Amino acid sequence: MASQTEYDLVVIGSGPGGQKAAVAASKLGKSVAVIERGWMLGGVCVNTGTIPSKTLREAVIYLTGMNQRELYGTSYRVKDNITTEDLHMRTSHVITREIDVVRSQLIRNKIDLFTGHGRFVDPHTVVVENENDSEHTTVSGEHIVIATGTKPARPDGIEFDDEHVLDSDGILGLKKVPTSMVVVGAGVVGIEYASIFAALGTKVTVVEKRPSMLDFVDSEIVEALTFHLRDLAVTFRFGEEVTGVEIGDETTLTTLASGKRIAADTVMYSAGRQGLTDTLDLKAAGLEADKRGRLDVGDDFRTSVDHIFAVGDVIGFPALAATSMDQGRLAAYHAFDEPANDMTALQPIGIYTIPEVSYVGATEAELTDQSVPYEFGVARYRELARGQIAGDSHGMLKLLVSTEDRTLLGVHIFGTNATELIHIGQAVMGCGGTVDYLVDAVLNYPTFSEAYKVAALDVTNKLRAVDEFRR
Ligand SMILES: Cc1cc2nc3c(=O)[nH]c(=O)nc-3n(C[C@H](O)[C@H](O)[C@H](O)COP(=O)(O)OP(=O)(O)OC[C@H]3O[C@@H](n4cnc5c(N)ncnc54)[C@H](O)[C@@H]3O)c2cc1C
């Protein structure tokens, strides 16, 4: 038997994209249903990706006491023998709370939640199959948003036992903190986990087939990060490829194409992600995904079928929770002809390594390639009173400023609070502000934000020197 219900909007997937699409449509007075598999309310973001990894990072920074060692000495620890139970305690607490927040938000906005696997029956109808229930519900929508996200890609020929060889989903279930670990892939997720485990004392080897990592980030910042990770005993094998991983009784052996062999307790693959569209019966909706499972959409997040939208990781780059949320909101607005601005091109990037990295706007390499003249200014945290108080002497903030009209072209930060501080630069850039605003602004003291003023003064002093030479 099957029951059928009709809605203005049906959303498949309750991650940041689906959630925000559902809430935005509900605020417009529309009837909304969200379909989510039972164990994943809040999506990859809440259950296996953003939230657990950022909580794990916070737990590691706190328990290792590493951010306090400049002040109290290198032997300072909050806890000597950190176990996976210590770490899971904090991650599961935050995940539970966040799931509750999502559930409450759906209830408050009178959004119906259907638990089970959704797949298309026709372009307006989705059947929800729940293994605990022989009765399937059929939900139909005037509009549909696909927000099914991604799963970790697993390369052919590698055996994943989820104990010794695992991906970013499996890493959260580790039974003990590994003594040694190979991370395959130096993308954002790989390098975040490499830094988290290195901070815990695990001997980490990162294997990356490209000649360097994070090539979209300013090279000076990548150099600083690489230096710090090496200082935490991380070994980088750039330009190297894994040809095989063997699993023994207790450990693993990773073989590289160059013939090198690396023994380690754990191998973590971070080899990209695959769109979750293979079980959606897209054909029944008149849609087709690319070979990485991703859907193609226009600027308004509409697929090739007029009433079906797709948002979040399932549409590919930049595949961030931050952007997925806004894509969801905008898809709902476009579906119901609510006036909406396009997504702003100025989007910050945050990399939660230890220490963290964040930037907005252009890198020095991009400006140089495009022959855009700029001046740069740097503030080092060790010159800031707040840096001394917090015990962060390695952090830095770099401003890139147009020499033609003095507007900010890019902000690059490495160190404590980078992912928060970046929003000051983003706001100034978004409003077309110049470096002079930062010179003139009075900022709270002592703060990390003061770095903006110090870097702005550095820029303007250099600009003045050039002007004086011309005079
Ligand atoms: C380790 C890791 C760390 C990350 N860190 C960050 C970070 O620091 N900052 C950041 O901005 N982003 C981060 N991300 C990326 C972020 O998690 C994703 O961009 C975001 O979760 C994508 O949201 P989404 O709405 O596309 O869907 P997802 O969060 O992927 O959720 C999709 C949901 O759809 C459900 N679903 C799929 N198919 C079906 C179906 N057929 N029927 C019913 N339900 C279905 C799934 O169960 C899932 O719950 C990280 C990702 C990972 C893996």
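None of these values were measured; they are calculated from a predicted model.

Within the chain, the secondary structure is distributed over 14 helices and 22 strands. Taken against the 2.2 N^0.38 rule, which gives 23 Å for 471 residues, the C-alpha radius of gyration of the chain at 24 Å falls within 12% of a compact globule. Each of the three principal axes of the chain carries a C-alpha extent, and together these read 80 × 60 × 40 Å. Sorting the 471 residues of the chain into buried and exposed places 44% on the buried side. For the chain, restricting intrachain contacts to residue pairs at least 6 apart in sequence, the fraction spanning at least 24 positions comes to 65%.

Right, let's talk about the UniProt feature "domain: Pyridine nucleotide-disulphide oxidoreductase dimerisation" (unreviewed entry) in the chain for a bit. Within the UniProt annotation, "domain: Pyridine nucleotide-disulphide oxidoreductase dimerisation" (unreviewed entry) is assigned to residues 348–455. Secondary structure over residues 348–455 splits into 34% helix and 27% strand, and the C-alpha atoms at its two ends are 19 Å apart.

So, about the pairing of strand β13 (residues 252–256). Note: strand β12 (residues 242–247) against β13, 5 bridges, orientation antiparallel. By the bridge assignment, Val245 is partnered in β13 with Thr254. The loop that links β12 with its antiparallel partner β13 comprises 4 residues. As consecutive antiparallel partners, β13 and strand β14 (residues 261–264) are separated by 4 residues, and within that stretch Gly259 has a phi angle of approximately 100°, a positive value.

Here the focus is the site of the ligand. Close to the ligand lie 39 residues, the nearest being Gly13, Gly15, Gly43, Gly149 and Gly312. Of the residues in the shell around the ligand, the class split is 16 nonpolar, 18 polar and 5 charged.

On to the packing of helix α3 (residues 50–64) against helix α6 (residues 188–200), then. Taken N-terminus to C-terminus, the directions of α3 and α6 make an angle of 25°; their axes are 9 Å apart at the nearest point. What the angle tells us is that α3 and α6 run roughly parallel. Viewed along their axes, α3 and α6 form a crossing whose handedness is left-handed. Contact residues: Ser53, Leu56, Arg57, Val60 and Thr64 in α3; Glu192, Ile196, Ala199 and Leu200 in α6. A class-by-class count of the residues in the contact of α3 with α6 yields 5 nonpolar, 2 polar and 2 charged.

Backbone-to-backbone hydrogen bonds join strands into a sheet, with any given pair of strands oriented parallel or antiparallel. Spatial ordering of the open sheet is given by β18-β19-β22-β21-β20, a layout of 5 strands whose pairing is antiparallel. Each edge of the sheet is formed by a strand with only one pairing partner; in this case those strands are β18 (349–351) and β20 (374–380). Adjacent strand axes in the sheet meet at a mean angle of 10°, parallel and antiparallel pairs treated alike. Against the sheet, helix α12 (residues 418–430) makes contact with β18, β19 (357–361) and β22 (408–414), and its axis sits at roughly 10° relative to β19, the strand it touches most. Along the sheet, helix α14 (residues 450–470) makes contact with β20 and β21 (396–402), crossing β20 at roughly 140°.

The feature "domain: FAD/NAD(P)-binding" (unreviewed entry), as given by UniProt, occupies residues 7–328 in the numbering adopted here. With 31% helix and 27% strand, residues 7–328 has end C-alpha atoms that lie 17 Å from one another.

Taken as a whole, the chain is organised into domain 1 (2–151 + 274–335), domain 2 (165–271) and domain 3 (355–470). Look at where the C-alpha atoms of domain 2 and domain 3 centre, and you get two points 32 Å apart. Residues of the side of domain 2 that touches domain 3, tallied by class, amount to 4 nonpolar, 2 polar and 2 charged.

Core analysis: the largest hydrophobic core is formed by 78 residues, its most contacted members being Val183, Ala194 and Leu399. Here the element with the most residues in this core is α6; it accounts for 10 residues. Each residue touching Leu399, except ones within four places of it in the same chain, is listed here: Phe376, Gly377, Leu408, Val411, Val435, Ala455, Ala456 and Val459. With 49 residues, the next largest nonpolar core counts Val32, Ile111, Phe309 and Val311 among its residues.

Turning to the sheet that holds strand β10 (residues 203–208), a few remarks are in order. On the basis of which strands lie adjacent, the open sheet formed by 5 strands has the order β8-β15-β9-β10-β11 and parallel pairing. One side of each edge strand has no neighbouring strand; the edge strands of this open sheet are β8 (165–167) and β11 (235–238). Taken over all neighbouring pairs, the strand axes of this sheet differ in orientation by 20° on average, direction set aside. Alignment of strand β9 (residues 180–184) against strand β15 (residues 266–269), held across 4 bridges, turns out to be parallel. Residue Val184 lies in a different strand from β15, and its bridge partner there is Tyr269. On top of the sheet, α6 reaches β9, β10 and β15; it is set at about 165° to β10, its chief contact.

Next up on the list: α3. Taking 1.5 Å of rise per residue, 15 residues should cover 21 Å, and α3 covers 21 Å from first to last C-alpha, within 8% of that figure. Of the positions making up α3, those classed as buried are Thr50, Ile51, Pro52, Thr55, Leu56, Arg57, Ala59, Val60, Leu63 and Thr64. Its buried side turned inward, α3 meets α2 (43–47), α5 (84–108), α6 and α9 (321–335). Of the residues trailing α3, Gly65 is marked for its positive phi of about 70°.

Cut-off values and rules
- Residues numbered from 1 in each chain as written.
- Predicted model: local features only at pLDDT ≥ 70, side-chain atom pairs only at ≥ 80, totals over all residues.
- Helix = DSSP H or I, 4+ residues; strand = E, 2+ residues; numbered from the N terminus.
- Rg over C-alpha atoms; globule rule 2.2 N^0.38 Å.
- Buried ≥ 20, exposed ≤ 12 C-beta atoms within 10 Å, placed from the backbone.
- Contact = placed C-beta atoms within 7 Å.
- UniProt positions renumbered as here; feature names shortened; annotations may be inferred.
- Pairing = 2+ DSSP bridges.
- Near = placed C-beta within 6 Å.
- Nonpolar A, V, L, I, M, F, W, Y, C, P; charged D, E, K, R; others polar.
- Axes fitted to C-alpha atoms, helices over the stretch in contact; angles between N-to-C directions.
- Parallel < 35°, antiparallel > 145°, perpendicular 65-115°, else oblique.
- Left-handed = near helix turned anticlockwise from the far one by under 90°.
- Domains from an automatic or database assignment.
- Core = buried A, V, L, I, M, F, W, Y, C linked by C-beta atoms within 7 Å.
- Expected span 1.5 Å × (residues − 1).

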